[in-house]
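Below are the chains, spelled out letter by letter.
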Amino acid sequence: MKQGNLFSFFSKKPSTSLSSSHSPATSKFKTNSSRDESGGDTNHSKKIADTTNKVSNDKSTKRQRDLALIKVGTRLSVFWPDDKEYYPAKVTSIKRDSESIVTTLFYDDGEVETVDLVGEKFKFLDDTVSKKTKVDNKEDLDEESSVVNCTAIGSKKKRHILEDSEEEFESDENDGEESDASEFIAPEESDDNDDEDELTTMITDEEDQDEDAKSSKLGRKRLCVTMVGNSAKKRKSSGSQIVAKSPEDERSKKSPSNTQDIDTKNRFASFITPPPKGKLPGTQFKRFDDDSPKKTIPVPRSDDNFPHSCRKITPSPSFKLDSIEVTKAVQDKKIPLPLPGVVNTAGTHYHNHFSFLLPSKRRDLHNRAMTDDKYNPRTLRVDYGEIERVTKSKITPASRQWWEIKSQYADTLLLFKTGKFYEIFHMDADIAVQILGFQYMKGQQAHAGFPEVGYGSFCERLVNAGHKVARVEQTETPDMLKIRKKNTKSGKKPQVVNREVCSIVSSGCRTFCYLDNVKSLENTTFHDSNGVGPLLAIKEILIENNNTGGENCDSLEAVCEFGVAMVDAVRGVVTLGQFADDVLRNRLNTLLTTFRPSEVLVQSGENAASECLISLLKGMQTTSASNMRVEHVSTFETFPKSTAIDPEVRRKMERPKTNIQPWDVKETVAELHRKAYFPRSSRKNININDSSSDAGTKRWPEVLKACISGRADLAISAFGAIVFYLQRSLIDEEILSMGLVKAYFPQESVNIDENDLKCIASKQMRDECDMDISSDNKIKKDASTDSHDNFPSSQQVSAAQNEDDAAIEDQIDHLALDGITLCNLEVLANSHSNTTSGSLWAKINNTKTPHGSRLLRAWLLRPLFRKTDIDRRGDAVEELISGKLAVALSEARGALSKCGDIERLLSRVHSMGGNFNSSDNGIHPNERAVLYETATYTRRKVGDFSKLLNGLRSAAQVPDFFSDINVKSGMLRKIVCRKENGGCFPSNLNQQLDWFFDNFDCNLAAKGLFEPARGIDEDYDAACDLVEEIKMQLDNYKEEMCSNFLNPSHSAKAHWKYANIKEESKDKYLIELPVNVRVPSDFLVKGKRGSGPKQINKYRTPVVEELVKKLEQAYDVIKAGKARGMQLVFAKFDSMRPLWSSAAKATSMLDALGSLAITSSNAGYTRPKILDCPIGSAPTIKIEQGRHPCVDSTLTGGDFIPNDLSLGGNLGIGDCSRVLLLSGPNMGGKSTLLRQTCLLTILAQVGCYVPAKECSITPVDRIFTRLGASDRILLGQSTFFVELAETAVALRGATRRSLVIMDELGRGTSTFDGTAIASAVVKHLVERNMCLTLFATHYHSLLEEWRHENSVRLGHMECLVEGDDDGDKVVNEHKVTFLYTLADGPCPKSFGINVAHLAALPTEVLSKAKQFSSSFEAEMSHTILGTPSDNIPLKSKIEKAVKEEIWKDVEKYWLELQLS
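The present account deals with the structure reproduced in this document.

Criteria and cut-off values
All residue numbers refer to positions counted from 1 along the written sequence of the respective chain. A pLDDT threshold of at least 70 governs which residues receive local features in this predicted model, and a stricter bar of 80 or more applies before side-chain atom pairs are shown or counted, although totals over entire chains, interfaces and linings include all residues. As a convention, hydrogens and water are excluded, and side-chain values are obtained from all of the structure's heavy atoms. Angles shown run from 0 to 180 degrees and are taken between the N-to-C directions of axes, each axis being a line fitted to C-alpha atoms and, for helices, limited to the stretch in contact. Segments assigned H or I by DSSP are reported as helices when at least four residues long, segments assigned E as strands when at least two residues long, and all are numbered from the N terminus. In a left-handed crossing the near helix is turned counterclockwise from the far helix by less than a right angle, and in a right-handed crossing that turn is clockwise. The contact criterion used throughout is that any non-hydrogen atoms of two residues lie within 4.5 Å. Here the nonpolar group is Ala, Val, Leu, Ile, Met, Phe, Trp, Tyr, Cys and Pro; Asp, Glu, Lys and Arg are the charged ones; every other residue, Gly included, is treated as polar. Exposed residues in this analysis have more than 50% of their type's maximum accessible area, buried residues have under 20%, and partly exposed residues fall in between, with area computed by a 1.4 Å probe over protein chains only. Here the rule is simple: two strands pair whenever DSSP picks up at least two bridges between them. Any pair of Phe, Tyr and Trp rings, taking the six-membered ring for Trp, is counted once the centres come within 6.5 Å. Such a pair is stacked with planes under 30 degrees apart, edge-to-face with planes over 60 apart, and tilted for the rest. We count a charge as sitting over a ring when the NZ of a lysine or the CZ of an arginine lies within 6 Å of the ring centre and within 35 degrees of the ring normal.

Quick word on the packing of helix α23 (residues 850-861) against helix α36 (residues 1137-1160)
How two helices pack is summed up by the angle between their axes together with the distance between the axes. Orientation of α23 relative to α36, taken along the N-to-C sense of each, is 60 degrees, at an axis distance of 8 Å. Classified by chirality, the crossing of α36 by α23 is right-handed. Touching H851, G852, S853, L855, L856 and W859 of α23 are A1144, T1147, S1148, M1149, D1151, A1152, L1153, S1155 and L1156, all from α36. Of the residues belonging to the contact of α23 with α36, the class tally is 8 nonpolar, 6 polar and 1 charged.

Written out as C-alpha cells, the structure reads:
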C-alpha cells in the first residue's frame, strides 16, 4: 500500500472491517487502473461513461442554451456519478472560452469546486429547492474529507480521484498531496496474515502497493473536488487552484478510482496544501471570487537540488502563538470542536480542547503541577483517555507514538518523519504555521509539514525564532518491522515503524552538519552581530561579605562568584572559567559582551540563579542584536528515555540514573569517566565517584585537569550542565571528543584560587598571539614578612612599594577592556543599532578567512601591554605595508581568500569520521535513521571535505610567496617560513595532502561511486586480495579439470564457461559445458539451456561451491568497506588534525597581521611610538593631530578636525599634568575627544598604526569609562546608581598605568551633590590613583577649584559665539559655531541654551531659560565672591567635610552658607 501521511494516524475512528479482495497496482501512477473494492469498479466505469456521453452532446442546441444561461449567482444541482446524486451549489465565478466554461461552485455544505461544466451533468435550481445534504451515512460524519488532484485525460475534461501509490506522502510525485483520512488498523489475528494486515499502520516508503485494498471502507462520504480542464491551458490563480489529496482520503471516501500521470515538473509542487479560498464554516478565508492580490511567501530552498517548480505558500492569518493560552481561550469561550474536511483556524483544533495542556491542569511525568517548585517543563503527562474522549475515536499507534515522544520533549518542537516528509502536529503545528508561513492542512488535527530536503532552511527559521527543534527519524524499514513482528512471540506486536529523536537543535547547539543550512554561517564572520555565538552555562553562588568597605579598602567587594562553561558548537571548542564579581556583575557583563552567547543555561530549582543574574540576562536580550536564548536547567532533571529497539543501545544512550543532577560536581566527573569522551590514562577500575581524585585523567585536556585538581567546583558544575544539555541534544560525543578545552580568566579575580587556570589561560593566549613568555616573567613572591616590632622607614616603604608595583606590572600581558568600556567606546558594535557598522572592529577587519577574523577579534579584545610584544607585532605590520612584502601579502591574501573556515571544516570532518568510541558502534540514532536524501547529504559531506582539502592546498602556497624575500621581523618570519627554514609553517603539508587528492576522487565520491584505495582499510584490502586469489583458483581449477578429468578435453577447454560472474549475480560461477562432455560424478546439474546436441548444462561442484562461498563473504566485506570508505578517509584525515591545525594557525596569524597592515596603509596613519615606563617615571600619552578612527567626516560633511593631546610625562622640572579637566559647550566634541583618545590607545597596543601625525604612549593596563546615562531597571539600579557604580570600579581598580575617561559625572543628582562628588573623585584620581585621566564636566566651580594644581590641566573645546550676551536679546540672535578643537584653560559657559535652540524648543521657553540662567549666575557669583568674613569657619567646615567625604555635612554647610 501507499504509505499515508501522518494525519491519517490521528484519525477519529479506526476501521472495523476490511475489504476481502483487492488487485495490486502495476505502477505508481497508471492512467486507467481500477480497484475492486466492495463490489467492483461499476461506479468508476459509470463515471467514465457518463462524462463521455455528456461531452458528446455538447453541440446540441439545448445544451448550448443551458450553458449560455449560466452566470455568477446561478444555482445548479451538479451530478456526481460515483454517488449517483445531485448536489446543490451556487456559481461564484465563471470563465468562458471557445472550448470550456470553467466555473467555481460553492456547495451548500461549504465545499468549493472549480470545474468545466462542458463535460458535466447538471440541473438548474429554483431558490425554493430544498438543499440536499451530501452525506447520507451518519457514521461518516466523523470522517475527514479532502480535496483531490485533478488532471485532464487527452482533450476531455474529467474529474478523477488520485489512487494510492506505493510511496508514502508522495508530494514529490503528486502535486501537493494531502489527506485527513483515518488510519485503519488491521484486527489482531493469530495467524501469519497479521503481519500483512497491520502494515496499514506503517509510515514508510517501501510498503507494497498490493496492501492498498486492506484499508478500503464502504459507504464513504462524497469528496470535494477541485478544478478540471485542459492541462495545457493556464488559469488565473484567482479563479482556480490545484490541490492534491493523499491516498488515505481516497480509501476513506471513494471506492473506485483512477490514477493520473503526474508531470515531473510538479514534483514537490507544494509542501502543504493551501485551503480553499471559499468561505468555509468556522474560517475567515476569502472566497474564490475575491480577486484581491494575495501575499505569498516563496518556499525556502535548502540547496540547489530543490525543485524549481515549488509553489508559493500563502501565509496564514496571524494568531496567538502560545497553544496553552489558546487552549484556555477556547475553553473560556466554549468554541465548538473543529470541523472535518475543512481548514480549521488556529485555536479550534483538537489539541486546543485538551485540558491536560491547560496551565492549571498541566503536569509533568512525575505528576507535578506547574506551581510545584520541582515541576519539570521538559516533560508532559499525557491523558490518552481525554484524547479519545475529545476525538471520539481510539488513539492510533502512530498518534500514541507521537505523544509518547512529546511527553519526553514537551518544550521542543517535533519534526516527525513520515516517509520523505517531516510532519508537525498539534501545538507544534501552531508554531510552524506562525513562523514558517504555512497553512494548516485540512482536518481536525493541527497539521503542517515539509519534505526532507527542506529541513535545513525551515529548521533554521524555527531556531532563529527561539525554539528548540527535535528531528524524529524513522529508524526502521517496513521489512525490518515485518521481521520484528514475526520475532515478537509474546505481548502485543508492533504496529508502526520505530522512530527515535536523532538531534535537538537550539540556537547554541547548532553544529551545521550536512543536514543544516550553512549559508547563513558562511555569509557572516564568527561573532558578528548576526553570527552564531556559543552555548554558555553559568553557575552562581552569592557571597556573604561583612566588609562594608572604608578608607583602607581599595578593592572591589565581591558579592558573588561564577563558574562558566562555554561551547562553540561550530568549532567544537569548550571554555571553562571561574571568577568572583561585584555588585554590577562587571566581569560577567564583560564575558557576555565579548562572546555574545546564542544560548545561556542557568540553574533553576534548588540553588537557583539569583534574580539579579536573571535580570542581567534579560537586559542583555533587550540590548543585544543577536537573539540570545535563556534556558533553565533544574537542579534535578529527568533524562529522556531512548526509543531504540536494542536494549543495549538504550542502556548506552541513557544516563545510569533516572533522576540526575546536572550541576553536581561528582556526578559530572563520573559521567565524563563513563562516557569516555577523552582518552583513558589507565585500564584499571577507577573510582569515578571521587571527584577530587585525578586518577584516570592524565590524558584529559590540561584545563579540565586543572579544574578538577584545583577544586574549581563552580566551573565543573557549569560544565556538568553543558554535558547534560549536549547529551539531550545528541551532540555530546561529536563536540567533546575533539578534546579542545580552553580556560577563561577575567581581569583580577578576587577571593578565589585560580593560579592553575590563570597560568593555562595566559599560556593559551600567548600561544595565540605568538608571544614567547620566559619563565623569568612569572611572578616571584617574596617569602619574607614584615616584622610588627620594627616599623620600616618611609624610604623602605617607598622601595617596597616600588618593588610590589614592578612585580604587579611584570605579570600584566594585556590591556584589560571590560564590558562597559567595550560598549561605551563602540569597540565591537555601535550603540544605536548594535551592529558592527561604525565600530572599531569594522574599521580594522579586513581579513580574508573566518579563522583569521576570529584571531584578529581576540587581539582587539585583549590588546598587548608589554612594549616588546607590541613592538614585535608592529614590526611585522610595518614590513607588510610597503616593499616586496606588500606585494607578497597581496598575493598571499588571494590564496587566503580560498582557504575557507579551516577550523570549522576540521570539526565537520571529525564528526563525519564516524564513531568516536569503538565500543559505541551504531549507538547514535543517526546511524540507524532512514534518510531519503542520501545523495544530497553525500554531496554535502564531500563538498565540505573538498573545501577543506582545497583550502589547505591554498594555505600550503603561502610560504612560496615569501620564499625569495628577506623577512626581518622575527614574528613574521616564523609565520611565513616552513620549519626547515626556521619558521613554524608545516613542511610536509603538500605531501600529506597529495595522498588524499590521489586516493579520494571528490567527483566520484559526490556521485556515491567512491571506492577505498589501498591502505585505507585493511579488511577491505584483504577482501580484495582474496577475491583475486579465488578467481585465480577458479581458473586453475578449470585448467586442471579440463586437462585431467573431462572428456573430450579439447571440447571442454573450448566451451568451459563460468556463468553469473558479476558481484551482484545469484548462483555465481556455474560451470557451463556442452551436454556431450563427460563430467565426474560430483558435477551436479543446476540448470540447462537449449536442447538436443546443442544443450548446455550448468554444473556446480563442491570445490567451486566452497570457493563461491568464500567469494560471497569477501564481496560482503568489500561492500561494507565501500559503504564506510569515506568514513575511513575522514577518520584518517582527522587523525592528522595537529598538522592541519598548525597550518590554520599560521594562516590565521598572517591574515590578522595582513588586516592590520591594510588598515595601517590608509592615508594619514602613522606608527605609534611605544615608550618604556619604569617604576619612578610617569606614564604619558602624546598625540599630535589625532583623529577618531571611525569618524571620517563631521555631521555637516566636512573633514574631521584633528586635535592635539598631551598627558603625563616628564618635563625635567617635575611631572606633567596627568588629569585633563575638559569643559566646553554641549555638542562641542568633548565626548568624541575622550573616546578618540581611548581608541587610539587600543589601536596602538594592538600593533596597528593610528590616524595621527604623531603618537607616543606608554602602554596602558586598563581603560575605565564613565560615559552617557543609562539605568538598569531590571536590576533595580537607577541612572545615578549606575553612574556612581561605574565610577567606583574606576576608583578602586585604576593604577598609575591606567587610562580613565569620565563624562559629566554627577549630573544624575542635585548640583550641590554632583559638584561635591565630582570634586572628590578628581581628588582621588589625582592623589590616590595617579593615573591618566580625561574628565569632562560642566561644573565651573570644579574648574576653579583645580585651576592652580600642577597635576591637573584645564582645557576646553573651542567655539565662536556671535551676538551680544545681553539677557534681553532675542535668543536666536546668538549663534554658536563649534570649532571642535582643544584649547587650554576653562570655558566660561556651557551654552546649553544654544543646544535647546538647536533642539527646536519654543522661543518663549528659550527666552525664560535665558533669563533664569543669567539670574542664577549673578546669584551664585554674589554668594561666592561676597561671602562675609565671619563665614570663613563655615567654609573651613565645608572643606573638611569634602576631604572626609561626608557628603551630608557638605550639603548642610553649603545651605547654611547660602542662607547667610
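Moving on from the model shown.
Focus: the environment of I541
Position of I541 relative to the elements: it lies in strand β13 (residues 535-542). The exposure class of I541 is partly exposed, given its relative accessible area of 34%. Between the C-alpha atoms of I541 and S610, which are 69 residues apart in sequence, the distance is 8.4 Å. Not counting residues within four places of it along the chain, the set of residues in contact with I541 comprises C560, E561 and L714.

Description of the side chain of T103
Its place among the elements puts T103 in strand β3 (residues 101-107). Those residues within four positions of T103 in sequence are excluded, and the remaining contacts are V91, S93, I94, E113, T114, V115 and L117.

Regarding the environment of A446
Turning to its location among the elements, A446 is positioned in the loop between α8 (426-436) and β10 (447-451). Accessibility expressed as a relative area gives 0% for A446, which makes it buried. Spatially, the C-alpha atom of A446 lies 5.5 Å from that of F425, the residues being 21 residues apart in sequence. With residues up to four places along the chain from it excluded, the contact list for A446 reads H349, H351, I424, F425, H426, A429, D430 and Y440.

Some words on the sheet that holds β10
Taken in spatial order, the 5 strands line up as β10-β9-β8-β11-β12 in an open sheet, and their pairing is mixed. The two strands at the open ends of the sheet, each matched to only one other strand, are β10 and β12 (499-505). Here the strands of the sheet are splayed against their neighbours by 25 degrees on average, with no regard to which way each runs. Its contacts with the sheet put helix α7 (residues 397-408) on β8 (413-418), β9 (421-425), β11 (469-474) and β12, and the angle it makes with β8 is roughly 150 degrees.

Description of the sheet that holds strand β29 (residues 1219-1223)
Taken in spatial order, the 6 strands line up as β32-β33-β34-β29-β35-β36 in an open sheet, and their pairing is mixed. Since the sheet does not close on itself, it has two edges, and those belong to β32 (1263-1266) and β36 (1375-1384), each with one partner. Across the sheet, the mean angle separating the axes of adjacent strands is 15 degrees when strand polarity is ignored. Strands in contact with helix α37 (residues 1230-1246) are β29, β32, β33 (1299-1303), β34 (1332-1336), β35 (1352-1362) and β36; relative to β33, the strand with the most contacts, it is inclined by about 160 degrees. Packing of helix α38 (residues 1279-1293) onto the sheet brings it into contact with β32 and β33, and relative to β32 it is tilted by some 155 degrees.

Let's talk about the packing of aromatic side chains
If you walk through the whole model with that rule in mind, you get 36 aromatic pairs. With centroids separated by 5.5 Å and ring planes inclined at 55 degrees, the aromatic side chains of Y514 and Y937 adopt a geometry described as tilted. Of this pair, Y514 sits in the loop between β12 and α11 (519-522) while Y937 sits in helix α27 (residues 934-956), and the two are 423 residues apart along the sequence. Since its relative accessible area comes to 17%, Y514 is described here as buried. A ring pair is formed by Y1037 and W1056, whose centres lie 6.2 Å apart and whose planes are at 70 degrees; its orientation type is edge-to-face. Of this pair, Y1037 sits in helix α32 (residues 1018-1044) while W1056 sits in the loop between α33 (1049-1055) and β21 (1057-1059), and the two are 19 residues apart along the sequence. Taken individually, Y1037 and W1056 each receive the classification buried, so the pair is uniform in this respect. Members of the aromatic cluster, joined through ring pairs, are F945, W995, F996, F1000, F1130, F1133 and W1140. K121 extends its terminal NZ or CZ atom over the ring of F79, reaching a point 4.9 Å from the ring centre. If you follow K123 out to its NZ or CZ, it ends over the ring of Y86, 4.2 Å from the centre.

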